[in-house]
Amino acid sequence: MHWAAGCLLAAVSTWAAAQAGPQMQLPRTKLTAGMHMLDVQLAQTPEQRQIGLMFRKEMPQHEGMLFVFEQPATQCFWMRNTLIPLTAAFVADDGTIVNLADMKPQSDDSHCSTKPVRFVLEMNAGWFAKRQIKAGYQLGGQAFTR
């Protein structure tokens, strides 16, 4: 009984610590969008994906977060506890952008992929539009080569 209570307390403490501030220590990888080089954090576990970019007050223009899922599925995102406006690119296994969604801070509105995907790349709002990157554009990087 004490062991179970200890495990529960540890899990709640870990969750609370994660919720206290933004995730800044996730692994990183490089992606390319034509001549643009992106430095993105990888959210690969359910916990990392759940927290995502929550609690960030700013993010450099060349940075983002790549959410990596185990299987292709319709992926849906919201912006609860996310303080900065973002654009989500729903990305196929080969790096092709399936669709884009502009997302407002601190909103529970759902933004979903139009096809099953394993990757979602979140960048500052307008990043893709400013570079005329649209659905059908292919991103590069090791993440997209299995």
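Residues numbered from 1 in each chain as written. Predicted model: local features only at pLDDT ≥ 70, side-chain atom pairs only at ≥ 80, totals over all residues. Heavy atoms only, no water.

Enquirer: Go over the pairing of strand β6 (residues 97–103), please, and point to the residues and values.
Expert: The side chains of a regular strand alternate, first on one face of the sheet and then on the other. Counting buried positions over the 7 residues of β6 gives 5, a clear majority of the element. With 6 bridges joining them, strand β5 (residues 86–91) and β6 adopt antiparallel strand pairing. Of the residues in β6, the one forming a bridge with F90 is N99. What sits between the antiparallel neighbours β5 and β6 is a turn of 5 residues, in which G95 has the positive phi angle 95 degrees. (Buried < 20%, exposed > 50% of the residue type's maximum accessible area, 1.4 Å probe, protein only. Helix = DSSP H or I, 4+ residues; strand = E, 2+ residues; numbered from the N terminus. Pairing = 2+ DSSP bridges.)

Enquirer: Run through the sheet that holds strand β8 (residues 117–124), naming residues and quoting values.
Expert: Taken together, the 6 strands give an open sheet; going across it, the order is β1-β2-β3-β8-β5-β6, and neighbouring strands pair in mixed fashion. At either margin of the open sheet sits one strand with a lone partner, and together these are β1 (28–33) and β6. Direction aside, the axes of adjacent strands within the sheet are offset by 30 degrees on average. (Axes fitted to C-alpha atoms, helices over the stretch in contact; angles between N-to-C directions.)

Enquirer: Go over the confidence of the model for the protein, please, and point to the residues and values.
Expert: With 86% of its residues at a pLDDT of 70 or more, the protein shows a mean pLDDT of 89. Low pLDDT, under 50, characterises residues 1–18; the stretch is placed with 1 contact to residues that sit more than four places away or in other chains. (pLDDT = per-residue confidence, 0-100. Contact = heavy atoms within 4.5 Å.)

Enquirer: Break down the environment of N99 for me, with residues and values.
Expert: Note on placement: N99 falls in strand β6. Beyond its immediate sequence surroundings of up to four residues, N99 is in contact with A88, A89, F90, C112, S113, T114 and A135. Within polar-contact distance, the side chain of N99 engages the backbone oxygen of C112 at 3.2 Å. Of the polar contacts made by the side chain of N99, one reaches the backbone nitrogen of T114; its length is 3.0 Å. (Polar contact = N/O pair within 3.5 Å; in protein donor to acceptor, adjacent residues only side chain to side chain.)

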